[in-house]
Amino acid sequence: MPTRKYLLEKYRNEAVKPDFEIVVDEVTSIVIKMPTVDEVIDLNDITDIRQQLQILAKDQYPGLMEVIGHDPGAMLQPLMNDMLKHFGLGK
């Protein structure tokens, strides 16, 4: 009986997700790219939500904080949850 092969390319193809776009207003969006394996591993080791957001948002973090930094704190967890779910990483 032949052994089953697990192709890395299959896992890569199944993992690809579109960018996560946060629409700020009619002309401005913040586009978050899919996290890498290294970034996901880093996320799992960090409990600080600011650091988690920095890892996820990458170079978009400063612009994201500029538009959400003064918003009610209760909006942050739903945003993070949606981002993680979008990328297939969470709830």
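Calculation rules
- Starting afresh in each chain, residues are numbered from 1 along the sequence in its written order.
- Reporting in this predicted model follows two pLDDT cut-offs: at least 70 for local features of residues, and 80 or more for side-chain atom pairs to be given and counted; totals over whole chains, interfaces and linings ignore these cut-offs and use all residues.
- For the side-chain quantities, the full set of heavy atoms in the structure was used; hydrogens and water were omitted.
- Think of it this way: a Phe, Tyr or Trp ring, Trp meaning its six-membered ring, pairs with another when their centres are within 6.5 Å, and the plane angle makes it stacked under 30 degrees, edge-to-face over 60, tilted otherwise.
- Helix numbering and strand numbering both begin at the N terminus, where a helix is a DSSP run of H or I of at least 4 residues and a strand a DSSP run of E of at least 2.
- Partly exposed residues are those whose accessible area sits between 20% and 50% of the maximum for their type, while under 20% is buried and over 50% is exposed, using a 1.4 Å probe and protein chains only.
- Over a ring means this: the NZ of a Lys or the CZ of an Arg is within 6 Å of the ring centre and within 35 degrees of the ring normal.
- By the convention used here, residues are in contact when the closest approach between their heavy atoms is within 4.5 Å.
- Whenever two N or O atoms come within 3.5 Å, that pair is a polar contact, provided that in protein one can donate a hydrogen and the other can accept it, and provided that, for residues adjacent in sequence, both atoms are side-chain atoms.
- At least two DSSP bridges between two strands are required for those strands to pair.
- Put simply, a salt bridge is a Lys or Arg side-chain nitrogen that is within 4 Å of an Asp or Glu carboxyl oxygen.

## Looking at the packing of aromatic side chains
Next, step 1: Under the defined criterion, the tally for this structure stands at one aromatic pair.
Next, step 2: An angle of 50° between the planes, with centres 6.4 Å apart, marks the rings of Phe20 and Phe87 as tilted. In this pair, Phe20 sits in strand β1 (residues 20-23) while Phe87 sits in the segment after α5 (76-86), placing the two residues 67 residues apart along the sequence.
Next, step 3: Since its relative accessible area comes to 5%, Phe87 is described here as buried.
Next, step 4: Above the plane of the ring of Tyr11 lies Lys10, whose end atom (NZ or CZ) is 4.9 Å from the centre.

## Points about unusual backbone geometry
Next, step 1: With phi around 55°, Lys58 is a residue other than glycine that occupies positive phi space.
Next, step 2: Its location among the elements puts Lys58 in the loop between α3 (49-57) and α4 (61-68).

## Focus: α3
Residues spaced three or four apart along an α-helix face the same direction, because each turn holds 3.6 residues.
Next, step 1: Those residues of α3 not exposed but buried are Gln52, Leu53, Ile55, Leu56 and Ala57.
Next, step 2: Buried residues belonging to α3 abut β2 (29-32), α2 (37-45), α4 and α5.
Next, step 3: Two or three places before Arg50, at the opening of α3, Asp48 has a side-chain oxygen 3.0 Å from that residue's backbone nitrogen.
Next, step 4: A positive backbone phi angle near 55° is found at Lys58, which sits one or two residues after α3.

## A few points about the pairing of β1
Next, step 1: Residue alternation in β1 divides its side chains into a buried set, Phe20 and Ile22, and an unburied set, Glu21 and Val23.
Next, step 2: Count of turn residues in the β1/β2 antiparallel hairpin: five residues.

## Side note on the pattern of salt bridges
Next, step 1: This structure, assessed with the given rule, holds four salt bridges.
Next, step 2: Here Lys58 ties to Glu39 by a salt bridge, and the two come within 3.3 Å at their closest N and O atoms. Of this pair, Lys58 sits in the loop between α3 and α4 while Glu39 sits in helix α2, placing them 19 residues apart in sequence.
Next, step 3: With relative accessibility at 17%, the residue Glu39 sits in the buried group.

Scope: geometric values only; no functional claims are made or implied.
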